[in-house]
Amino acid sequence: MMKKMSISTSKTSLVLFLCQIISALDVPLDSKLLEELSQPPTITQQSPKDYIVDPRENIVIQCEAKGKPPPSFSWTRNGTHFDIDKDAQVTMKPNSGTLVINIMNGGKAEAYEGVYQCTARNERGAAISNNIIVRPSRSPLWTKEKLEPNHVREGDSLVLHCRPPVGLPPPIIFWMDNAFQRLPQSERVSQGLNGDLYFSNVQPEDTREDYICYARFNHTQTIQQKQPISVKVFSMDSLNDTIAANLSDTDIFGAKPVTERQPVLLTPTGSTSTKVELRGNVLLLECIAAGLPTPVIRWIKEGGELPANRTFFENFKKTLKIIDVSEADSGNYKCIARNALGSVHHVISVTVKAAPYWITAPRNLVLSPGEDGTLICRANGNPKPSISWLANGVPIAIAPEDPSRKVDGDTIIFSHVQERSSAVYQCNASNEYGYLLANAFVNVLAEPPRILTPANKLYQVIADSPALLDCAYFGSPKPEIEWFKGVKGSILRGNEYVFHDNGTLEIPVAQKNNAGTYTCVARNKLGKIQNEVQLEIKDPTMIIKQPEYKVIQRYGQVSFECIIKHDSTLLPTVTWLKDNDELPDDERFLVGKDNLTIMNVTDKDDGTYTCIVNTTLDSVSASAVLTVVAAPPTPAIIYARPNPPFDLELTGQLERSIDLSWLPGDENNSPITSFVIEFEDALHEPGVWRYQTEVPGSQTTAQLKLSPYVNYSFRVIAVNRIGRSQPSEPSEQYLTKSASPDENPANVQGIGSEPDNLVITWEPLKGFQSNGPGLQYKVSWRQKDVDDEWTSVIVANVSKYIVSGTPTFVPYEVKVQALNDLGYAPEPSEVIGHSGEDLPMVAPGNVQVHVINSTLAKVHWDPVPLKSVRGHLQGYKVYYWKVQSLSRRSRRHVEKKILTFRGNKTFGMLPGLEPYSSYKLNVRVVNGKGEGPASPDKVFKTPEGVPSSPSFLKITNPTLDSLTLEWGSPTHPNGVLTSYTLKFQPINNTHELGPLVEIRIPANESSLILKNLNYSTRYKFYFNAQTSVGSGSQITEEAVTIMDEAGILRPAVGAGKAMASRQVDIATQGWFIGLMCAVALLILILLIVCFIRRNKGGKYPVKEKEDAHADPEIQPMKEDDGTFGEYSDAEDHKPLKKGSRTPSDRTVKKEDSDDSLVDYGEGVNGQFNEDGSFIGQYSGKKEKEPAEGNESSEAPSPVNAMNSFV
C-alpha cells in the first residue's frame, strides 16, 4: 500500500521538503538536484497585512517566491489588476515580485493607499499573498489652544489633559519638563493609558510652570510638544495669610486645615464598564483614584483567580496587565481603591474575542503518480471562522475541475493523483476580527532514489563515543533506507543501533568491533541505489602520568610531568597553561616532550599549571598546583622594605606633561626594582591617590602625562623584592587648564528592563576624565535597520537613561558621547542593544518521542518562530515525569525532572527512565525573561527490561538431605515476571565446585524445598528472575546440610545474607585452641600432683636439687641412661595405682601401663620425669586431609588438637 508523504510549509530547502526530515540531523543540499526538480510556487516573503509606510521614503511592497521553473509575478490593487507598466513611478525588482513605488522623485504616498495582493505563477500552479493594506504614516501637529493656569488647593485632585493629535500609528506619550527630564511619578502622580497626567492629591511641591506633554511618532522619528501647562498649588497657610492681610483685626477668620477625603475614581467613571480584547493580545485595565491619603489600588477577578505567570501590575498597581489573553480570561475584573477613610470600586466586564488561528494549517504534499493524500485546513476563533478554498488563486467552485480532487468542508481529499493534479491551494479562514490565508501545494513527482552523501566517506570517532553515519537521500515515493555492515553483511537491527528518519545510522557507543565498511541502500518502486561509507574507531587519548602538587623553595627548580597515551594514527599536541592562561614569555619556562620545567622559581610562578592534550577527535587535561615558599634566611643579613623617597621636585610644566624628580631612600639590603608614582586630584577627589605610572629602580626622574582640569600632586613609592616602602611626602600642586573631553564613557549597553523600554547605561567618566567643568552626556539611539535618524537627549549626573514605548525585543543602535563647557568628545562608537524581553508566546509544536530502549528515549520538537521568542533564545526545557509503573499499576508521588538543552536545539535524549512505565513530558522555550507556555503533555511508554535481583534469598530448615529456600520478588520487576531460575552446586573442603544443577520455577512461587541432597555438604545457590526480555542480576547464597554424627553442632545458616567464607576445620578455630590449651594444662597439673602424692616419704634427691636450683632442666644428665643425676628410686618404674587420675574423655585399658599416656599420643611413647615433667613431646598422627567431592569430612579429634598444642 502506498504511503502518503507530507511536507512542512516552512522556509526550508526543497530537499528537506521532499525527504520528510523530522529529525534535527542535517542533510546536505545538492544543487544539481534542485535544478532538476519541478516545484509549484511558494511565497517565501511578503509585507505585513497592515503596512504603514513613511510618506517621505519610497514604498517597497515585498513579494518573494520560489519554484521550478521560476515563477512570474502579478499584482492586484483594490481587487483589480494593477498594471505597473502604465505607472512610471512603479517598478518591479528583477527576478522578484517586490514592488518599488518611487515617492522621493515627486510621487505622493497618499495616492498609493490601497489593498495589494501578489500572485506568483508557474506551470505547476499559482500562489497568492495576503491582502496587504498600504497606508502612509501621519504625525500631525498639535492644535493650538489657550491653556489657562491651573490653581489648585492643596489636597485636591487634578488631571492634566494631553489630548495628542491623532496619528498613524498612535504616538507614544510621555511628560517632561523644560530640561527634558522626565517628571517623577508615584502612587500619587501617574500617567494614564490615554496620556493624561493624574494627581490623586496635589502637594505644594507640585507647583511648576513646565508640565509638558510630548508625543513621539516612531515611523517618522518626530516628537511633537504640547504647550507647557502651569500648576499653582495654594496651601491653607498661605491662603490664610492672604485673606488675613485684607481683613481688619476685628474680623474673625477660622482657617480650615487640609481635609482628608475618601477615594473617588478619576478613571474609569461610573461603577461598571466593558472591554473587548482579542485572543493573544495584551489586556490592559486601568483604575486611577483621587483621595487623601493617596488611595492604594487592588485588583481581583470575580469568581476566579488572576492567571499566574501572565499577570503583571504596572503604574504603581493602577494598571492590570495580562499577556497572551485567551477566552478563559473573559469575566469581571474589579479594581478597589482604598485609603484610611473608605474605599470605592469599579467592575470592568472583559470579553475576549479571537481572530482566526490555526488548529491545523494545510501542509505541502509531494506525491507520486497513483498515490492518495489530503489537505486539511482547520482554524478556530470567536466567532467561529468560515473556511473557503481556492485553487491557484481562484475560488475552487469556479476553478478547473480535477477528478482526483474532492472538497469536504475543511479537507480536500486526493485519490489516485496524476502529474496534471499539481497545483497550489489556498485556504482562507475569516471572521469579523481578521483572516488567515495559507498556501499549500500538491506536487506530483515520480523520481527514483538518489543518495546525496559522497561515496566512501570516512568517519573517525573515539571509542565509547557516538558514531553518526549519514545517508542523505531523495526519491518519490519516499525511499526506504536499510543499512548493512560490509558488502555482503546482513541488515542491521537491534538496540545497539538508532535509525534516524533522515537516513542517518547512529551507533550510540561505538566500539572497536564496529569499525569497517557500512552500506546504505535506498529503494522505492522506481529503483534502488546504494552507497558505502567507512568507519574507523580510535583509541581515546589518556594522560597516564599526571602533574603532581609541588612545594618548592624560591630560586629552586621544579618539573611537572605529563606523559600521554594516544592512538597511533592521531597526532597529539600538548599545551601548558598557567592559571588557565598562556605560560609567561620567559626563558625560565622549558617545555619538553612530556614535561614542563621552571628554572630559578620566583613568587610569581606560584599558581595552577594545566597540561592539555588535543587531537583532531578528543581532548584531555590535568592540573597541579605549585606553591613557592621562601628559602631559609641567612641570619647575618636583614632584608627589609626600602625607605621612602624624598625631595620631590616638579619641573618642565606644560599643559599635558610635567617632569618629576626625587631622591631614593635606603634600599635595606635589597635592591630597589622599581618606583611607583601616584597622583591626587585635589579638585575632584581630594584624599584619593591613584596609580600614575611605574619606572625602573635605576631611574629617579619621570615625564608624566597630564589630563586637563586636574589639580595634581604626586608621591613616589619604592619597591624591592621584600615589598613596598611607605609613600613619600606629596609634591607641590599643579593645576592644568580645561579642555573638551578626550574620551567617551565605557561599557555602554542597551538592555531593556521591561518589554516596552530600552535602558541605556554607561560607566560615567571620573572627575579627572571630564577635562573641564559642566560634564554632560549626549545619549543617542535608533532602531537598527528601521530608523535612519538618531534620537538624542543630553543628561548630566546620571549613568542611565530609559527609552520608553519601544517594541518588544528589537535591536537598537546606541551611543553615548561626553561633553563639557568647552565642547564634545570624539564621536563615540555604536553599540548594539535590545529593548526589553518578554515571556515567549508560543509553545514548541510537533513534540514527538522516540523510545530507543527501556531506559532511554529521544524527544523531538519543532523550534518556535524566533519572532515569538521575544528575547534571547537560551534554549528549551523538557519537563518529564513518571505517571505509573505498568507492572504494579500503582501511582506514586510525581517527581518532575527537567532537562535543559541550550541554544536552538530541537531534540534531546531522556536518560535514566524506568522500564515498563508510563511517562508524560512537555517542552517549553526559554529566553532571558523566563519560560514560555508548555506544549501539550505527551504520553509515552517504555518497554519491558530485565528485572533487578530478588529482594532476598533465605535458606532455612536444614536436614540431612534437604534445604528450604524462601525468596522475595525483585524490588524493580521492570516488566511482567515469567519465571525464576535456581542454580546450585556442592562445594567440597578444598573449595572445589561440583556439577551445576538448574531448576526453572514459576513466577508465582516464593519458596521451594530441595530434597535428595548429600548430608553434611555445603551448597552454593544462584537465583534470579526473568521477564520476556531476559534474565536479571542474580543473588547468591550458601548453606550446609546437617551432619549425621551425634553430638556435632549444626552449622547456623545465614538468613537473608550470603556467607562470606568457606567452612573451616574446628581445630583451627581460636576458641577451640584456647580450650584445648586449658585442658592440657589442667591434666599436666593433675599428673604432677599425683606423682608427688605417690612418692611422698621416699628418697627424693631431686628435691634438694630443686631447692638449690630454680630450674631443674639445667641439671646435667647421665650419659649412660639419660636420666637426671642422683635420681634413683626403685619405685620409679612401678605402674601407677588404679586410683591415678586419667583423662575424663578416654578410658585406659587394663593391659596398658597405668602410668602411660600412650593413648593420648596414639602410639608414640611419652615418658615423665619423677617431678611429673614430660620427657619428649606428644606428637599425634597427622590430621587427615579433608575429604574430596561429596564425602563428609570427619570432625577433628580433640586429642589431635591437644597434641599439636602441648
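Residues numbered from 1 in each chain as written. Predicted model: local features only at pLDDT ≥ 70, side-chain atom pairs only at ≥ 80, totals over all residues. Heavy atoms only, no water.

Details of the overall build of the chain
As a reminder of what qualifies: Under the DSSP-based scheme used, a helix requires at least four consecutive residues in state H or I and a strand at least two consecutive residues in state E, with every element numbered from the N terminus. Residue burial is assigned from relative accessible area. The probe radius is 1.4 Å, only protein chains are included, and a residue is buried under 20% of its type maximum, exposed over 50%, and partly exposed in between. Per-residue and other accessible areas were derived by the Shrake-Rupley procedure at a 1.4 Å probe size, with only the shown protein chains allowed to occlude residues.
The number of helices and strands found in the chain is eight helices and 88 strands. By the burial criterion, 42% of the 1206 residues in the chain qualify as buried. Accessible surface computed for the chain: about 63800 Å², of which carbon and sulfur atoms make up 51%.

Examining the state of the cysteines
Basically, it comes down to this: We call a pair of cysteine sulfur atoms a disulfide when they lie within 2.5 Å.
By the definition in use, this model includes six disulfides. Between the sulfur atoms of Cys 287 and its disulfide partner Cys 335 the distance amounts to 1.8 Å. With the S-S bond torsion at -65 degrees, the cross-link from Cys 287 to Cys 335 turns out left-handed. Taken together, the positions of Cys 287 in the loop between strand E23 (283–286) and strand E24 (288–292) and Cys 335 in strand E28 (residues 331–339) put the pair 48 residues apart, joining distant regions of the chain. Residue Cys 287 is classed as buried on the basis of its relative accessible area, which comes to 0%.

Brief notes about a nonpolar patch on the surface
As a reminder of what qualifies: Within the patch definition used here, like charges are joined within 9 Å and nonpolar side chains (Val, Leu, Ile, Met, Phe, Trp, Tyr) within 5 Å, considering only residues with over 30% relative accessible area and no salt bridge. In the sections that follow, a salt bridge refers to a side-chain nitrogen of Lys or Arg positioned within 4 Å of a carboxyl oxygen of Asp or Glu.
Together, Tyr 549, Val 551, Val 625 and Val 629 make up a nonpolar patch on the protein surface, roughly 340 Å² of accessible area in all. Within the fold, Tyr 549 resides in the loop between strand E48 (542–545) and strand E49 (550–553). On the basis of relative accessible area, Tyr 549 is assigned to the exposed category, the value being 53%.

Considerations on the confidence of the model for the chain
Just so we agree on the cut-off: The predictor's confidence in any single residue is recorded as pLDDT, a number from 0 to 100. By the convention used here, residues are in contact when the closest approach between their heavy atoms is within 4.5 Å.
The share of residues in the chain with pLDDT of 70 or more is 83%, and the mean pLDDT across the chain is 83. For residues 247–255, every residue scores under 50 in pLDDT, and the model assigns this stretch four contacts once sequence neighbours within four places are set aside. Confidence drops under pLDDT 50 across residues 1045–1064; counting only partners more than four residues distant or on other chains, this segment forms 30 contacts.

A closer look at the sheet that holds strand E79 (residues 938–941)
As a reminder, the rule being used: When DSSP locates at least two bridges between a pair of strands, those strands are taken to pair. Only the contacting stretch of a helix is used when fitting its axis, a line to C-alpha atoms as for every element, and angles between N-to-C directions run 0 to 180 degrees.
Ordered by their spatial adjacency, four strands build an open sheet running E76-E75-E78-E79, and the pairing between neighbours is antiparallel. For this open sheet the edge positions go to strand E76 (897–902) and E79, each flanked by a neighbour on one side alone. Direction aside, the axes of adjacent strands within the sheet are offset by 25 degrees on average.

Points about the sheet that holds strand E85 (residues 1018–1026)
With antiparallel pairing, the four strands of this open sheet are ordered in space as E83-E82-E85-E86. Lying at the two open borders of the sheet, with one neighbouring strand each, are strand E83 (997–1002) and strand E86 (1035–1040). Strand after strand, the sheet turns through a mean of 25 degrees between neighbouring axes, direction not considered.

Quick look at helix H5 (residues 1070–1094)
What counts, and what does not: Multiplying 1.5 Å by the residue count of a helix minus one yields the expected span of that helix.
Between its terminal C-alpha atoms H5 stretches 36 Å, which fits the 36 Å expected from 25 residues at 1.5 Å a residue. Listed in full, the buried residues belonging to H5 are Phe 1072, Met 1076, Cys 1077, Ala 1080, Leu 1087 and Phe 1091.

Description of the nonpolar core
The line we're drawing: To define a nonpolar core, start from buried Ala, Val, Leu, Ile, Met, Phe, Trp, Tyr and Cys residues and group those joined through side-chain atoms within 4.5 Å.
In this structure, Ile 59, Ile 61, Trp 75, Ile 101, Tyr 116 and Val 134 are the most contacted members of the largest nonpolar core, which totals 27 residues. Looking at this core, the elements with two or more residues in it are strand E3 (50–53), strand E4 (59–61), strand E5 (63–68), strand E6 (72–77), strand E9 (99–101), strand E10 (114–122) and strand E12 (132–136). Among the elements that take part in this core, E10 stands out by supplying three residues, more than any other. One finds Leu 650, Phe 675, Ile 677 and Ala 718 within the second-largest nonpolar core, a separate group that totals 20 residues.

Re the side chain of Ser 47
Selection rule: Here a polar contact is taken to be a pair of N or O atoms separated by no more than 3.5 Å, where protein atoms must pair a possible hydrogen donor with a possible acceptor and residues adjacent in sequence count only if both atoms sit in side chains.
Among the structural elements, Ser 47 can be located in the loop between strand E2 (39–46) and E3. Of the polar contacts made by the side chain of Ser 47, one reaches the backbone nitrogen of Gln 62; its length is 2.8 Å. Leave out the neighbours within four places in its chain, and Ser 47 touches Val 60, Ile 61, Gln 62 and Ile 132.

Digging into the pattern of salt bridges
According to the stated counting rule, one finds 37 salt bridges in the structure shown. Taking the shortest distance from any N to any O, the salt bridge between Asp 410 and Arg 378 comes out at 3.4 Å. With a gap of 32 residues between them, Asp 410 in the loop between strand E35 (405–408) and strand E36 (411–414) and Arg 378 in strand E32 (residues 378–382) connect regions that are remote in the sequence. You can call Asp 410 partly exposed: its relative accessible area is 23%. For the salt bridge of Lys 882 with Glu 914, the shortest nitrogen-to-oxygen distance reads 2.5 Å. Within this pair, whereas Lys 882 is found in strand E75 (residues 875–885), its partner Glu 914 is found in the loop between strand E77 (907–910) and strand E78 (917–926), the two being separated by 32 residues in sequence. According to the relative accessible area criterion, Lys 882 is buried, its value standing at 10%. Accessibility expressed as a relative area gives 26% for Glu 914, which makes it partly exposed. A single network of salt bridges, built from pairs that share partners, joins Asp 177, Arg 208 and Asp 210.

Quick word on the side chain of Ser 731
Of note, Ser 731 is situated in the loop between strand E63 (711–720) and strand E64 (734–735). Setting aside residues no more than four positions away along its own chain, Ser 731 makes contact with Leu 648, Leu 650, Ser 713 and Phe 714.

Description of the environment of Val 394
One can find Val 394 in strand E34 (residues 394–395). In this structure the C-alpha to C-alpha distance between Val 394 and Ile 128, which are 266 residues apart in sequence, comes to 9.8 Å.

Let's talk about unusual backbone geometry
The peptide bond linking Leu 292 to Pro 293 adopts the cis configuration, its omega dihedral lying at 0 degrees. Mapped onto the elements, Pro 293 comes out in the loop between E24 and strand E25 (296–301). Along the chain, Ser 476 connects to Pro 477 via a cis peptide bond; the corresponding omega equals 5 degrees. Examined against the element boundaries, Pro 477 turns out to sit in the loop between strand E42 (473–476) and strand E43 (480–485).

Some thoughts on the packing of aromatic side chains
Short version of the rule: Between 30 and 60 degrees the pair is tilted, below 30 it is stacked and above 60 it is edge-to-face, where a pair is any two Phe, Tyr or Trp rings, Trp via its six-membered ring, whose centres lie within 6.5 Å. Only when the NZ atom of a Lys or the CZ atom of an Arg is both within 6 Å of the ring centre and within 35 degrees of the ring normal do we say a charge sits over the ring.
Summed over the entire model, instances satisfying the criterion amount to 21 aromatic pairs. On the basis of an interplanar angle of 55 degrees and a centroid distance of 5.6 Å, the ring pair of Trp 762 and Tyr 777 is categorised as tilted. Of this pair, Trp 762 sits in strand E66 (residues 757–763) while Tyr 777 is found in strand E67 (residues 776–783), placing the two residues 15 residues apart along the sequence. Residues Trp 762 and Tyr 777 agree in their burial class; the two are buried. An aromatic cluster of three or more residues is present, and its members are Phe 174, Phe 180 and Tyr 214. Here the guanidinium or amino end of Arg 279 rests over the ring plane of Tyr 357, the centre of that ring lying 3.5 Å away. Positioned over the ring face of Trp 881 is Lys 896, at 4.3 Å from the centre of the ring.

So, the environment of Val 115
Within the secondary structure, Val 115 sits in strand E10. Exposure remark for Val 115: the relative accessible area of 30% places this residue in the partly exposed category. Remark: the alpha-carbon pair of Val 115 and Tyr 51, spanning 64 residues in sequence, is separated by 9.8 Å. Those residues in contact with Val 115 that lie beyond four places of it in its chain are Thr 76, Arg 77, Asn 78, Asn 131, Ile 132 and Ile 133.

Remarks on the pairing of E28
Remember that side chains alternate between the two faces of the sheet whenever the strand is regular. Here E25 runs beside E28; their pairing, made up of six bridges, is antiparallel. Counterpart to Ile 300 in the pairing with E28 is Lys 334. Strand direction decides the pairing type here: E28 and strand E29 (residues 342–360), joined by nine bridges, are antiparallel. When the sheet's bridge partners are listed, Gly 331 is paired in E29 with Val 350. Taken together, E28 and the strand that follows it, E29, pair antiparallel across an intervening segment of two residues.

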